[in-house]
Amino acid sequence: MIGSLNKSGMVFSQKRNIVIAIGSLCLLISSCGDNTQFSEPLPETVDFNFHIRPILVQNCYLCHGPDASGRKAELRLDTYEGATALLKEGGHAIVPGKPSKSQLIYRINHEAEDMVMPPPDSNYKLTIREKALLEKWIDQGAEWKSHWAFIKPETEIAHNESKAIDSLINMRIQQKGLMKSSQADKNTLIRRVSYLLTGLPPSPEDVQHFIADTSKDAYENMVDSYLNSTGYGERWARHWMDLVRYAETKGHEFDYPIVGAYKYRDYLIRAFNQDLPYDQLLREHLAGDLLEEPRENKEMDISESPMGTAFYVMGEGKHSPVDIKKEEADRIDNMIDVTSKTFQGLTVSCAKCHDHKFDPISADDYYALYGIMESTRFAPIADISMTTRQTAEEIQDLNLYMRKIIADSWTQKDVQEMTASGELQKKDLPRDAPFKIIGDFRNSNFDGWITNGLAFGKRTTLGNPLVDKTSGKLLGLDEGRASSKTLGTGVLGSLQSPNFILDTDYIGVRARGMHSTIRIIIDNFQLIQNPIYGELEQQINAKAWNNYVFDISPWKGHKAYIEILPGGYKGHYYSLPENAFIEAQYAVTYDTEWPVEMKRPINGKPVEKEDWPTLDLSAGLVKGLNQKLKEGRLPSKFPELATAMDSNRQLVEKLDSDSFFYAITDGFGINSPVFNRGDHNDLLEEDIPRRFLSALPLGNVPFTSKGSGRLELAEAMLNEENPLTARVMVNRIWHHLFGKGIVETVDNFGLQGKLPSHPELLDYLAIKFQKEEWSIKKMVRSIVTSQAFKRSTARNDELTSKDPNNIYLASFPVRRLQAEAIRDGVLAVSGSLDSTMYGPPVKTYLTEFMQGRGRPNQSGPMDGAGRRSIYQEVRRNFLEPMMVTFDRPIPFSTFGNRNVTNVPAQSLTLMNDPFIAQQAQIMAEKLLAQKELTFDQKIEWIYRRTFSRKPNPEEINKAKQFISGLRKMESASKTDSDIEILIWKDFCHSIFNLKEFIYLI
């Protein structure tokens, strides 16, 4: 704003500046006159957050804000210290209490184009009111405050005060001199509550019951019935799905599937119906796979918590990007964007290329989060039931028992003899070895690799007893290898290496298996296929040991890890045959030939004394013991082993073939450097420790986790001093109930977001939310039972004039139903709605106009099998036209606030869509099946279902005229029954087109 102060020839003496500034102030005061010239008087006390900061953000921060790289004249107006500092030319931009000495006042009132601020070429211009506010604020001392959203909420109102919401709203209504609308009638209220809480219209029976209930608790009981209905979770889960860009395919050219995405959708529905506390919902989303005590669903026999992490993988994905490092950067940027907007209401991704232009979010903050996401890996995750987990533990306990039987019979004398003879001395590789060992699984551990799922267990096979199944005779001890057959074949799990930099031409893995896969994951890129990346994945279909070689020379310098897993991908759809398994001995990198040295076992350290009871042995010791066993120098007859082996077989047969979904696992902690100007090929030297945002509590504390740090991130967000987490969520709840948040920009609480219309109310709700154990249902109930929610939408001319945008809620806002509620409402009133919950999505109905790559071979039914919209498939390349027409957002980022458009395509859809016509006919057929109804009763039957009320006499008369006109238009060649169906179908169709059907009024 003061960026031109250093222009040559424009430096004035301090004395002259003061004189001109005084003159300018005189002009300002004379032009302003009294406050009556403004549409709203100047406040008695000018508040920095609510009056001054918005002016500075909108007009000044681009050149004088947080971003040092774009700052001009070395002037900062986003901090008190910067705004009051000595300028290079002398003087100060702001002198508290002295507007006549403040360069800011001088420059905003200057008439010269090369001196006035903001400069004309910025296209910003302060209004007279804004100038007056700045002058009055400086005159009152220029009190500075942190941005309101970064100040911890405070309230003196008890969280259980039943009238608090209305008291705070009524206070603003009185301040603005508004007249409140009366309470809506019962028919309107039940329709409003039913649609907003469940996304469905109330049944005629529910309406009749509510109208007849004259008890003082009738309304509250009605609200509770909908809060406790299954439809509640279906409606509010869909709200949440907008935040996490829910989709079941990746988009781009071939629209590949996101395996098991619907499981995340079902997880959300259950979570909202069970009123899962929001703090737990947040933890499960950010780190559900890392919780020490994951939440178990005993009724469905599943583990819920890991499913929350599936939101990370809902982003778009390219199948053959030329630059996979850029693809990773774009993917992580989207993850940061969605995570920060959803849970903190902040646009952190704006700091990718430079410090945020407006908010106190630095590029360091962005890359601190980047490291967290970069340390997170993607993989198919077993939907492990509690029964399966328990069976797996029993099998592992049985294996340990078998090892102890043998250890108790053998002594350590032989071990000591081998140690003394030097047989167990470690053989180190020479320094100039032409290869590098990435992982050696011939000892008891996985050599620093990590396992996911149950397949590979907790250790290698080294030392496992090899027993004759009939006699129980010990044949030997197993030599070490990583094996997915720990519990049997067809069990899901993966074995992954640490990250390493590709610096050789080849990676080799010694392995065997059936229907399984080895993959080289470079820069976390998962959609591996030809023509570019096909060589990074190999299918394993041989029971004999083989050397599997990967030519990785084109990707030298890239970050990578190796993934070994049973099953495999076809068209990026993961499948796991029942007989799938994979085993591996070691993995190496090399440049020329396969390293022959690896054929010789590398002996580990001697077994420790305390390891003997569990036969936790080194490779060398197992080899020596097997030799002695072969020579008959060790006992080999263990009848108990036959019984144990039989028990083992029975347990393996009990293992369920668990399904799976695509989500995340934890990798190894990576601290990312800053990308200079966001360029992934231009990295600064310093690595930024993984941590939270520096402007928030705990934001400067580096994470100590060896993994990603996602759990630490969740706990930082939930820290009681964090002012954002609770505020953002209660604002979302308010938005979904009133159509507009207390903060209208629900995804942006930063400096470019809107100011809260009722800041005291927002703070009260945030505190109430936390004290009531983060209960979403309790918060919804508190808001819905307020008088403000129950008001009529009727507005007189005075109210419309004084508060045209209904900011202060003297009346209830007119709401258009969302796309899903319109479609589901049509199904409900026609009697076609199938209320079945959960399960795979209904395939998209494909019209002839829906063409392109990735088009499914099969179309779904036109009516979506009668299922609710939340169960319809969301294909990125083939989005359902009706949903898009009625403003369901394209799933690429967080959309907490849907657009509400009014375009011809919406009317055309309701008039011409074959689905609407189909449902109108179904409704007409059900109406005419009730032959005892009179004409008036038929109209009432329709109105009760569609509008939750009876028609008035005028509406009945208009209906008679309309029906009469339709009869005259129909052909005499049709039978009477056919004509009646067509007439009433057209009438029902016309009802679907009325505004009252798609609006809450």
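My aim in this report is to walk through the structure given alongside it, one point at a time.

At a closest axis distance of 9 Å, the pairing of helix 22 (residues 759-771) and helix 23 (residues 776-784) adopts a crossing angle of 140 degrees. Regarding the angle of helix 22 to helix 23, the classification is oblique. Here helix 22 runs over helix 23; the crossing is right-handed. Contact residues: helix 22 offers Leu765, Lys768 and Phe769, while helix 23 offers Ile776, Met779 and Ser782. Grouping the constituent residues of the contact of helix 22 with helix 23 by class yields four nonpolar, one polar and one charged.

The subject of this paragraph is the environment of Ile528. Within the element layout of this structure, Ile528 appears in the loop between strand 11 (506-522) and strand 12 (537-551). Of the residues examined, Ile528 reaches a relative accessible area of 6% and is grouped as buried. Sequence separation between Ile528 and Tyr569 is 41 residues, and the spatial gap between their C-alpha atoms is 9.1 Å. Setting aside anything within four residues of it in sequence, one finds Ile528 in contact with Arg519, Ile520, Ile521, Tyr533, Leu536, Glu537 and His572.

All right, on to the layout of surface pockets then. Put simply, the second largest pocket is a space of about 1,100 Å³. If you trace the second largest pocket, you find 32 residues lining it, with Asn399, Asn464, Lys485, Thr486 and Asn648 closest to the centre. Looking at the lining of the second largest pocket, the elements that each hand over two or more residues are helix 16 (386-409), strand 6 (465-467) and helix 19 (639-654). Among the elements that make up the lining of the second largest pocket, the one with the highest residue count is helix 16 (six residues). Class assignment for the residues of the lining of the second largest pocket results in eight nonpolar, 12 polar and 12 charged.

The residue Ile437 is located in strand 4 (residues 435-440) in this model. Residue classification places Ile437 among the partly exposed residues on the basis of a relative accessible area of 24%. Along the chain, Ile437 and Gln930 lie 493 residues apart, while their C-alpha atoms are 79 Å from each other.

So, about the nonpolar core. A general feature of soluble globular proteins is that nonpolar side chains tend to end up buried together. Of all hydrophobic cores here, the largest spans 238 residues; its most connected members are Trp240, Ile562, Ile564 and Leu737. Here Leu737 is in contact with Leu196, Leu197, Trp236, Val780, Ile783, Val784, Phe789, Phe812 and Arg815, once residues within four sequence places are set aside. Cys60, Leu75, Ala93 and Trp144 belong to the second largest nonpolar core, which has 28 residues in total.

It is worth spelling out the pattern of salt bridges at this point. What the rule picks out here adds up to 56 salt bridges. For Asp47, the salt bridge goes to Lys145, with nearest N and O atoms at 2.5 Å. One end of the pair, Asp47, is in the loop between helix 1 (14-32) and helix 2 (48-59); the other, Lys145, is in the loop between helix 6 (128-139) and helix 7 (164-175), and 98 residues separate them in sequence. Note on Asp47: relative accessible area 17%, which makes it buried. Taking the shortest distance from any N to any O, the salt bridge between Lys958 and Glu954 comes out at 3.5 Å. You can see Lys958 and its partner Glu954 sitting in helix 30 (residues 953-969), four residues apart, about one turn around the helix. Residue classification places Lys958 among the exposed residues on the basis of a relative accessible area of 51%.

In a packed pair of helices, the relevant descriptors are the angle between the two axes and the axis-to-axis distance. It is at 7 Å that the axes of helix 11 (residues 230-243) and helix 12 (residues 261-273) come closest, and there the two elements cross at 125 degrees. Between helix 11 and helix 12, the angle falls in the class oblique. You can see that helix 11 and helix 12 cross each other, and the crossing is right-handed. Where helix 11 abuts helix 12, its residues Thr230, Tyr232, Gly233, Glu234, Trp236, Ala237, Trp240 and Met241 lie against Tyr264, Arg265, Leu268, Ile269, Phe272 and Asn273. Its residues assigned to classes, the contact of helix 11 with helix 12 comprises nine nonpolar, three polar and two charged.

A few words on the pairing of strand 3 (residues 376-382). The element strand 3 is largely enclosed, with a buried count of seven among its seven residues. Bridge count for strand 3 against strand 17 (residues 660-666) is seven bridges, and the pairing is antiparallel. From the neighbouring strand, Phe378 faces strand 17, where its bridge partner is Ile664.

Bringing the environment of Met241 into the picture now. Relative to the elements of secondary structure, Met241 occurs in helix 11. On the accessibility criterion, Met241 (0% relative accessible area) is buried. On a C-alpha basis, the gap between Met241 and Tyr264 in space is 9.6 Å, while along the polypeptide they are 23 residues apart. The contact partners of Met241, leaving out residues within four places of it in the chain, are Tyr246, Arg265, Leu268 and Ile870.

Taking 1.5 Å of rise per residue, 16 residues should cover 22 Å, and helix 19 covers 24 Å from first to last C-alpha, within 8% of that figure. For helix 19, every residue scored as buried is listed here: Leu641, Ala642, Ala644, Met645, Asn648 and Leu651. Against helix 16 and strand 6 lie the buried residues of helix 19.

Scoring rules and cut-offs
- Residues numbered from 1 in each chain as written.
- Predicted model: local features only at pLDDT ≥ 70, side-chain atom pairs only at ≥ 80, totals over all residues.
- Heavy atoms only, no water.
- Axes fitted to C-alpha atoms, helices over the stretch in contact; angles between N-to-C directions.
- Helix = DSSP H or I, 4+ residues; strand = E, 2+ residues; numbered from the N terminus.
- Parallel < 35°, antiparallel > 145°, perpendicular 65-115°, else oblique.
- Left-handed = near helix turned anticlockwise from the far one by under 90°.
- Contact = heavy atoms within 4.5 Å.
- Nonpolar A, V, L, I, M, F, W, Y, C, P; charged D, E, K, R; others polar.
- Buried < 20%, exposed > 50% of the residue type's maximum accessible area, 1.4 Å probe, protein only.
- 1 Å grid on protein atoms, 1.4 Å probe; cavity = no way out; pocket = protein on both sides within 12 Å on 5 of 7 lines; lining within 4 Å.
- Points joined across faces, edges and corners; volume = space filled by probe spheres on them.
- Core = buried A, V, L, I, M, F, W, Y, C linked by side-chain atoms within 4.5 Å.
- Salt bridge = Lys/Arg side-chain N within 4 Å of Asp/Glu carboxyl O.
- Pairing = 2+ DSSP bridges.
- Expected span 1.5 Å × (residues − 1).

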